[in-house]
Amino acid sequence: MKIHLRIDESNPSHTRFTIFANGANCGQLCMRNEEFHNFHQILSLSMRPPIDTFVSSGKPYLKPEERGESA
């Protein structure tokens, strides 16, 4: 199965993203950023290459310190 998470919008609180399975749009979800990062990690680690593939696109919100900037 090919899973694609496309980040559509990300701000200091939430990430809105669309899930695709084998190219089919399965819907859009909105999660708090920490929950999204956990969800992303769970999906990516559950893939079994070469049968499964995981793709993530878009840019998640990063805190200034995560971007290398001072607060």
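Remember, predicted model here, so these are calculated numbers, not experimental data. Counting restarts for each chain, with residues numbered from 1 along the sequence as it is written. Owing to the predicted nature of the model, reporting of local features is limited to residues with pLDDT of at least 70; listing and counting of side-chain atom pairs is limited to 80 or more, with chain, interface and lining totals taken over all residues. Working from all heavy atoms in the structure, the side-chain values ignore hydrogens and water.

A look at the environment of glutamate 9
Thinking step 1. Only runs of H or I of at least four residues qualify as helices and only runs of E of at least two qualify as strands under DSSP, and these elements are numbered from the N terminus. Of note, glutamate 9 is situated in strand E1 (residues 2-10).
Thinking step 2. Sequence separation of glutamate 9 and cysteine 30 is 21 residues, and the distance between their C-alpha atoms is 9.2 Å.
Thinking step 3. For this analysis, residues touch if any pair of their heavy atoms sits within 4.5 Å. Look past the residues within four positions of glutamate 9 in its chain and what remains in contact with it is His14, Thr15 and Arg16.

Observations regarding the pattern of salt bridges
Thinking step 1. Think of a salt bridge as a Lys or Arg side-chain nitrogen and an Asp or Glu carboxyl oxygen that are within 4 Å of each other. On inspection of all chains with the given rule, the structure shows three salt bridges.
Thinking step 2. A salt bridge links glutamate 9 to arginine 16; the shortest N-O distance between them is 3.9 Å.
Thinking step 3. By relative accessible area, glutamate 9 is classed as partly exposed at 43%.
Thinking step 4. One salt bridge connects arginine 32 with glutamate 35, and the closest N-O pair in it is separated by 2.6 Å.
Thinking step 5. Note on glutamate 35: relative accessible area 34%, which makes it partly exposed. Remark: exposure states derive from per-residue accessible area (1.4 Å probe, protein chains only) relative to the maximum for the residue type, with buried under 20%, exposed over 50%, and partly exposed in between.

Some thoughts on the side chain of asparagine 33
Thinking step 1. On the secondary structure map, asparagine 33 appears in helix H1 (residues 33-46).
Thinking step 2. Among the residues examined, asparagine 33 registers a relative accessible area of 11% and is labelled buried.
Thinking step 3. If we ignore the near neighbours within four places in the chain, the residues touching asparagine 33 are Ser10, Asn11, Pro12, Ser13, His14, Thr15 and Tyr61.

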